[in-house]
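A structural walkthrough
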Number of protein chains: 2
Amino acid sequence: MSSKTKVYEEVLNQIRNFINENELSPGDRLPSERELSEQLNAGRSSVREGLRAMELLGLIETRRGEGTFLSSYRPHHTVELLSAFILQEPKIKKDILLAKRILEKEATKMAFSRVKNGGIEELSSVLSNGKINEKQRHSEFFIIIFQHAENHLLQKIWQLMEDFSYTIEKNSYNSQFYSQLIETINAGKYETIEGLFDYLYN
Amino acid sequence: MSSKTKVYEEVLNQIRNFINENELSPGDRLPSERELSEQLNAGRSSVREGLRAMELLGLIETRRGEGTFLSSYRPHHTVELLSAFILQEPKIKKDILLAKRILEKEATKMAFSRVKNGGIEELSSVLSNGKINEKQRHSEFFIIIFQHAENHLLQKIWQLMEDFSYTIEKNSYNSQFYSQLIETINAGKYETIEGLFDYLYN
DNA sequence: GTAGTTAAGTGGTCAGACCAATTTATTTTT
DNA sequence: AAAAATAAATTGGTCTGACCACTTAACTAC
């Protein structure tokens, strides 16, 4: 039959289809491993290989005695593992950091016209929060930005890269950057955003 | 002992340690599944659960009859996999198209200073190629752009979205767009790129 | 009705058995 | 001696069956 594709990969596809067709959302239960094994004509061990991979990615959550559940995606599990392997590749690091910056810049521009008054205060409060460190401040700052940008896809991709760079790099950003960015948004100077990212960021 | 951590997670840690201690680099071979099983005091199926997760992440590569090999990490593996799940959310089509445009714009700006003389001709020849349709022309055009931009990660993400939008949407672009973009690059007008994408694209 | 017990279901793990592909060692042929 | 053909060993791929640990639900005893 389908000679090349491994069973566990096919299992992943089938599970995805199952999720799709039954319109499962985070929190819903998947069929048990034994059920899947039977329905997909695969050994339980192969099913588990697929499930374990999904679990490592944070796509599902398993509870012994209860079952396997869809979970909303959290990259953190993946990230710590990956970062340990990824460290030796300088080119990738630069790629990620650059891609991240681009996403942050464009998200800011998208958020620009949609930031309500409350948004500015939200951003400001992050900057003045003394309890969190530099990295956390950066994350929280742009999480707010992305929320206003209203593009879930970009946010997901950014989140992935953010988590990577979080453990990899000692990101020291120019401290003026954030406040100036807020000011720029508040003052309605759209054209200034581009320059801010090019010259002040990092 | 009574650890809650699952065996396959411990396997992942051990393998990582093994890689570090022996200073393995991409291409090197890992011990066989049976060896690992014995050395780590774990069942072979548990070892495989760990290995399969790593494989799915693109950290290793397995060849039947030969063994398991370290591979250089390719983030697009992860992005590809996740996208299959992420892309099922509503409103996602518009998000994809916008994200794609952003990537294309930034790639163009990155490529700007790196385009050699040959590059311009390459791009032009794509436009004058009568054998391909509009969609293909768009793809090939930006593949060249991304090659000059020299950021593999961004290119992979873009490719992914391009593939999706290819089947989903009937992207009709402004025909002037491409030729004007080439002219802008050729004339060295960096600042014009941004505007081109905002006003002429689509 | 409540508390305690039991049974069924589920994930977690292991051991053993084949299969399929590849490499290595051995034998045969030239 | 060199090359080719063959056999054996190794390795990943997969399935089955067996336990264990834990949770839930049904049942029983009070």
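Before any of the text, the structure's been laid out above.
Everything numeric in this text was worked out from a predicted model, so none of it was measured. (Residues numbered from 1 in each chain as written. Chains lettered and ligands numbered in written order. Predicted model: local features only at pLDDT ≥ 70, side-chain atom pairs only at ≥ 80, totals over all residues. Heavy atoms only, no water.)

A short note on the side chain of A:His148
All names here are of chain A. With respect to the secondary-structure elements, histidine 148 resides in helix α7 (residues 134–149). Classification of histidine 148 as buried rests on a relative accessible area of 10%. Of note is the side chain of histidine 148, whose polar atom sits 3.0 Å from the backbone oxygen of isoleucine 144. Here histidine 148 is in contact with Ala111, Arg114, Val115, Lys116, Gly119 and Glu122, once residues within four sequence places are set aside. (Helix = DSSP H or I, 4+ residues; strand = E, 2+ residues; numbered from the N terminus. Buried < 20%, exposed > 50% of the residue type's maximum accessible area, 1.4 Å probe, protein only. Polar contact = N/O pair within 3.5 Å; in protein donor to acceptor, adjacent residues only side chain to side chain. Contact = heavy atoms within 4.5 Å.)

A look at the protein's contact with DNA strand C
Among the 27 residues in the neighbourhood of DNA strand C, the closest are listed as A:Glu33, A:Arg44, B:Val7, B:Gly43 and B:Ser46. Sugar and phosphate atoms represent 64% of those atoms of DNA strand C found within 4 Å of the protein. A distance of 3.0 Å separates a base nitrogen of DNA strand C from a polar atom in the side chain of A:Arg34. Backbone polar atom of B:Val7 to a phosphate oxygen of DNA strand C: 2.7 Å apart, as the coordinates give it. Of all the secondary structure elements, the ones that give two or more residues to the surface near DNA strand C are α2 (33–39), α3 (44–57), β2 (60–63) and β3 (67–70) of chain A together with α3 (44–56) of chain B. When grouped by side-chain class, the residues that make up the surface near DNA strand C number two nonpolar, 10 polar and 15 charged. (Near = heavy atom within 4 Å. Nonpolar A, V, L, I, M, F, W, Y, C, P; charged D, E, K, R; others polar.)

Notes on the sheet that holds strand β1 (residues 29–30) of chain B
Residues and elements named next belong to chain B. In spatial order, the strands read β1-β3-β2; together these three strands make up an open sheet with antiparallel pairing. Looking along the sheet, the strands with just one partner apiece sit at the ends: β1 and β2 (60–63). Relative to strand β3 (residues 67–70), β2 runs antiparallel, the two being bridged by four bridges. Each residue of the ladder has a partner; that of threonine 62, found in β3, is threonine 68. (Pairing = 2+ DSSP bridges.)

Some thoughts on the protein's contact with DNA strand D
Around DNA strand D, the surrounding shell holds 27 residues, and the nearest of these are A:Val7, A:Gly43, A:Ser46, B:Glu33 and B:Arg44. Within 4 Å of the protein, the contacting atoms of DNA strand D are 66% sugar and phosphate, with bases supplying the remainder. In the model, a base nitrogen of DNA strand D is placed 3.5 Å from a nitrogen or oxygen of the A:Arg44 side chain. A:Glu66 places a side-chain nitrogen or oxygen 3.5 Å from a phosphate oxygen of DNA strand D. For the surface near DNA strand D, the secondary-structure elements that each account for two or more residues are α3 of chain A together with α2 (33–39), α3, β2 and β3 of chain B. Considered class by class, the residues forming the surface near DNA strand D number two nonpolar, 10 polar and 15 charged.

Remarks on the nonpolar core
Counting residues in each nonpolar core, the largest one holds 71 residues, and the members touching the most others are A:Phe141, A:Phe142, B:Phe141 and B:Phe142. In this structure, B:Phe142 is in contact with B:Glu104, B:Thr108, B:Trp158, B:Phe177, B:Tyr178, B:Leu181 and B:Phe197, ignoring residues within four places of it in sequence. Within the second largest apolar cluster, 36 residues are counted, among which are A:Ile15, A:Leu30, A:Leu57 and B:Leu30. (Core = buried A, V, L, I, M, F, W, Y, C linked by side-chain atoms within 4.5 Å.)

Digging into helix α1 (residues 7–21) of chain A
All names here are of chain A. Across its 15 residues, α1 extends 21 Å between first and last C-alpha, which sits within 8% of the 21 Å expected from 1.5 Å per residue. Residues of α1 that are buried include every one of Tyr8, Val11, Leu12, Ile15 and Ile19, and no others. In a view along the axis of α1, the buried residues occupy a sector of 100 degrees, so they form one face of it. Of the residues trailing α1, glutamate 23 is marked for its positive phi of about 50 degrees. (Expected span 1.5 Å × (residues − 1). Arc of directions from axis to C-beta.)

A closer look at the sheet that holds strand β1 (residues 29–30) of chain A
Across the sheet, three strands lie side by side as β1-β3-β2 (chain A); this open sheet has antiparallel pairing. Of all strands in the sheet, those with a lone pairing partner are β1 and β2 of chain A, marking the two edges.

Details of unusual backbone geometry
Trans peptide bonds make up the majority, and among non-glycine residues the majority have a negative phi. Residues and elements named next belong to chain A. Despite not being glycine, glutamate 23 has its phi angle at roughly 50 degrees, a positive value. Here glutamate 23 lies in the loop between α1 and β1. You will see that asparagine 41, though not glycine, has its phi angle at about 55 degrees, which is positive.

A closer look at the side chain of A:Ser71
All names here are of chain A. As for its position among the elements, serine 71 is in the loop between β3 and α4 (76–86). Residue classification places serine 71 among the buried positions, given a relative accessible area of 10%. Not counting chain neighbours up to four residues away, the residues in contact with serine 71 comprise Pro26, Gly58, Leu59, Ile60 and Glu61.

A few points about the pattern of salt bridges
Per the counting criterion, the structure on display carries 31 salt bridges over all chains. For A:Glu49, the salt bridge identified is with B:Arg48, shortest N-O distance 2.7 Å. Placement of A:Glu49 in helix α3 and of B:Arg48 in helix α3 is noted, with the two residues assigned to different chains. Relative accessible area serves as the criterion here: at 7%, A:Glu49 is assigned to the buried category. In this structure, A:Glu106 engages A:Lys109 in a salt bridge whose closest nitrogen and oxygen atoms are separated by 3.4 Å. Residue A:Glu106 and its partner A:Lys109 are located together in helix α5 (residues 90–112), separated by three residues, close to a single helical turn. For the pair A:Glu106 and A:Lys109, one class covers both residues: buried. Through salt bridges that share partners, A:Lys105, A:Glu106, A:Lys109, A:Glu194, B:Lys105, B:Glu106, B:Lys109 and B:Glu194 make up one connected network. (Salt bridge = Lys/Arg side-chain N within 4 Å of Asp/Glu carboxyl O.)

Read these as geometric descriptors, not functional statements.
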